[in-house]
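Structural characterization, general
Given next are the chains, with one letter for each unit.
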Amino acid sequence: MEKKIMLGNEAIARGAWEAGVKVSSAYPGTPSTEVSENLVKYEGVYAEWAPNEKVAAEVAMGASIAGSRAMCAMKCVGLNVASDPLYTASYIGANGGLVYIVADDPGLYSSQNEQDTRLIGNSAHVPVIEPSDSEEARYFTKRAFEISEEYDTPVILRTTTRLAHSQGVVNCEDRIELEDKIYERNPQKNIMMPGNAKIRHLHVEDRENRLAEDACNIDLNKVTYDDTKIGVITSGIPYQYVKEVLPHASVLKLGLVYPLPKKLIEEFASKVDTLYIVEELEPFIETKVKSWGIDCIGKDIFTIQGEYSANMLRKAILKQEVELKTPAEVPNRPPILCPGCPHRATFSVLKKLHLHASGDIGCYTLGAVAPLNVVDTTLCMGGSISMLHGMEKAKGKDWIKNWVAVIGDSTFLHTGVNSLMNMVYNQATGTVIILDNSTTGMTGHQNHPATGKMLNGETTYAIDLEKLCKSMGIEDVFVVDAFDLKQLEKTIKEEVAKDCLSVIIAQSPCALLKSYVPAGKCYVDPEKCKKCGACLVPGCPAIKKDEVTGCAVIDDTMCNGCGLCMQMCPFDAISLKKREEK
């Protein structure tokens, strides 16, 4: 048995491969992205990026029905998109093992809400498994496929940001080579029309009862008795904090967090003096335990917001005031668009034109903060276009002439297409700007259907965004270089003034792409600089004002010669030193 140090996400990929998974589909979403990026490296697995999580879940379901072990991976809010197939997949069950990898984000490091996937598992009647370290991530993933097939159910493997992106020692094992399950046509099981669904609901109820009973003896749940003055029920990453702060306490560590093992919990509670429930986010375990008449302490001393820590437990349980060392004073570093980001150019034009932007999920959400202050709303993937449509229907055509919708290329293909289709269908007006930077930027530059590359790097057909929009019947579709400020300004001014639906594709690659070749470096001529500050307006981190001279200066270690500051300067004080060809 080989030992390796792996991220939690790497370990999940390893566990899936060892389990004999054949098909994996996913949409990149932090903190789940690395699962697919690592899984695709293994032989014997087909792994893909899907346009969105709903599609990914359906692909996995199809492979499972056909008899192969299959999975899909997503972040917590992605499960909302995939909930439509999930709730019905629960009724159908699984032929080949079917596992949903879902990464929650306590602390909101990269998400728009703090979602607790255990609640969705409960609602969908799908078992939820939660590992607490990288080795468990590997092993629990393998067990998830086994449980899926044994109980004829999809299984959710829930992780969190801390687990996904923390490293630990993993015991690597060989891949299990399994024969596919035989596919047999079974309309009563696989076709969820009302008559069949009513019968399948009874199967779901029976399955859940069996799982709850068996959970008392399943190897994923472990009891350790020591000092019985304090007993703790916990799961996932909080287990690590419990062991650090309360090394001698008795602990019931739950690996299967839904359904809960009632008899095991009742037995454990009866043997300890004081029972604590330590769980991040919602009082999921606590609520159920209290409903059984068991006294316990939970959210009355813990928060439902954010990540937990060892110090939080010391303060809440042991009443210890933890003296923390004074942190080093460092400058505040708020998130900001990168030097050379094409979104900055587009937002600079929108700011100049005093337009509001209905925003979406991506790097460009940063257009909401100073100094750009352009984006007014952000709801969910694809929501920018639908909200612009709603604004027009509520306030009229003239009102939205001060608005545009902005959406990235990957997000547009995720769910923006449907929203734009809705605008066409319902005779909407308004201007939609697709910020096409040729990648899924925010999650680490993954490919999507318009990049021409698959997850494994293989070349494929690239969806043409211009043709796609025109195929919907939109006549006014324009492709503009995001850094051609004059043309971009002209196009936006003309389109927002019209009483029709138009799409502007502001196109320029992300400056962080490996294939991107910088034009050179910009520099300021202090003799020509009038200290007007126009070049500082877009907020590029590569340019600042010299505190002594008052002139603008450019950090050539950050600049990639996008030329935005050159176009902003009214006195031609900024020039480009072109990159020398090798």
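Along every chain, residues carry numbers that run from 1 in the direction the sequence is written. Local features are withheld for residues below a pLDDT of 70 in this predicted model, meaning they are given only at 70 or higher, and side-chain atom pairs are given and counted only at 80 or more; totals for whole chains, interfaces and linings count all residues. For side-chain calculations, the full set of non-hydrogen atoms in the structure is used, while hydrogens and water are omitted.

To continue, consider the nonpolar core. Note on terminology: a nonpolar core comprises buried Ala, Val, Leu, Ile, Met, Phe, Trp, Tyr and Cys residues joined through side-chain atoms within 4.5 Å. Categorising residues by exposure relies on relative accessible area from a 1.4 Å probe, with only protein chains included: less than 20% of the type maximum marks a residue as buried, more than 50% marks it as exposed, and the intermediate range marks it as partly exposed. Counting residues in each nonpolar core, the largest one holds 50 residues, and the members touching the most others are Phe347, Phe412, Leu420 and Ile492. For this analysis, residues touch if any pair of their heavy atoms sits within 4.5 Å. Ignoring anything within four residues of it in the chain, the contact list for phenylalanine 347 reads Leu337, Tyr364, Gly367, Leu372, Val374, Val375, Val406 and Leu435. Counting residues in each nonpolar core, the second largest holds 43 residues, with Ile92, Ile265, Leu275 and Ile277 among its members.

Now for the environment of glutamate 48. Turning to its location among the elements, glutamate 48 is positioned in strand 3 (residues 46-49). Using a relative accessible area of 16% as the deciding quantity, one classes glutamate 48 as buried. Between the C-alpha atom of glutamate 48 and that of lysine 142, which follows or precedes it by 94 residues, the distance is 20 Å. Among all residues touching glutamate 48, those that are not within four sequence positions of it are Ser24, Ser25, Ala26, Val59 and Leu455. Strands here are runs of E lasting at least two residues and helices are runs of H or I lasting at least four, both read from the DSSP assignment and numbered beginning at the N terminus.

Moving on to the layout of surface pockets. With a probe scaled to a water molecule rolled over the atoms, the places where space remains empty come into view. Estimated volume of the largest pocket: approximately 780 Å³. Throughout, the protein atoms alone are placed on a 1 Å grid, and a set of points is a cavity if a 1.4 Å probe fits but cannot get out or a pocket if it is open with protein on both sides within 12 Å along at least five of seven lines; lining residues have an atom within 4 Å of a point. Forming the boundary of the largest pocket are 45 residues, of which Ser110, Ile361, Gly362, Met381 and Met442 lie nearest the centre. Going through the elements one at a time, helix 2 (33-39), helix 4 (76-92) and helix 16 (409-425) are the ones with two or more residues in the lining of the largest pocket. Take the lining of the largest pocket: its biggest share by element is five residues, from helix 16. When its residues are assigned to classes, the lining of the largest pocket shows 15 nonpolar, 25 polar and five charged. Grid points are joined across faces, edges and corners, and a volume is the space filled by probe spheres set on the points. The computed volume of the second largest pocket comes to approximately 360 Å³. Lining of the second largest pocket is provided by 17 residues; of these, Thr439, His445, Gln446, Asn447 and Leu513 occupy positions nearest its centre. In this classification, the charged set is Asp, Glu, Lys and Arg, the nonpolar set is Ala, Val, Leu, Ile, Met, Phe, Trp, Tyr, Cys and Pro, and all remaining amino acids, among them Gly, are polar. Looking at the lining of the second largest pocket, its residues break down into five nonpolar, nine polar and three charged.

A word on the pairing of strand 18 (residues 476-481). Two strands qualify as a pair provided that DSSP identifies no fewer than 2 bridges between them. Here strand 18 pairs with strand 19 (residues 501-507) via six bridges, running parallel. What sits directly across from valine 479, in strand 19, is isoleucine 505.

Attention shifts here to empty space enclosed by the protein. Tallied over the full model, the rule gives six cavities of 30 Å³ or more. Around the largest cavity, the lining comprises 14 residues; the ones closest to its centre are Cys540, Ala542, Cys559, Cys562 and Cys565. Lining the second largest cavity are 14 residues; nearest its centre among them are Cys529, Cys532, Cys535, Ala552 and Cys569. Residue classes in the lining of the second largest cavity are distributed as 11 nonpolar, one polar and two charged.

Any Lys or Arg side-chain nitrogen found within 4 Å of a carboxyl oxygen on Asp or Glu counts as a salt bridge. Summed over the entire model, instances satisfying the criterion amount to 34 salt bridges. One salt bridge connects glutamate 149 with lysine 181, and the closest N-O pair in it is separated by 3.8 Å. Linking glutamate 149 in helix 6 (residues 134-151) with lysine 181 in the loop between strand 8 (167-172) and helix 8 (187-190), this pair joins segments that are 32 residues apart in sequence. The partly exposed category is assigned to glutamate 149, whose relative accessible area is 21%.

The next thing to look at is the packing of aromatic side chains. Side-chain rings of Phe, Tyr and Trp (the six-membered ring for Trp) are treated as a pair once their centres are within 6.5 Å; stacked means planes under 30 degrees apart, edge-to-face means over 60, and tilted covers the remaining angles. According to the stated counting rule, one finds six aromatic pairs in the structure shown. Judged by centre distance (5.0 Å) and plane angle (20 degrees), the ring pair of tryptophan 17 and tyrosine 42 falls under stacked. Of this pair, tryptophan 17 sits in helix 1 (residues 8-18) while tyrosine 42 is found in the loop between helix 2 and strand 3, placing the two residues 25 residues apart along the sequence. In terms of burial, tryptophan 17 and tyrosine 42 fall into one category: buried. Where phenylalanine 302 meets tyrosine 308, the ring centres are 5.7 Å apart and the plane angle is 35 degrees; that geometry is what we call tilted. For phenylalanine 302, a relative accessible area of 6% gives the class buried. Directly above the ring of tyrosine 239 sits lysine 253, whose terminal nitrogen or CZ lies 5.4 Å from the centroid. Only when the NZ atom of a Lys or the CZ atom of an Arg is both within 6 Å of the ring centre and within 35 degrees of the ring normal do we say a charge sits over the ring.

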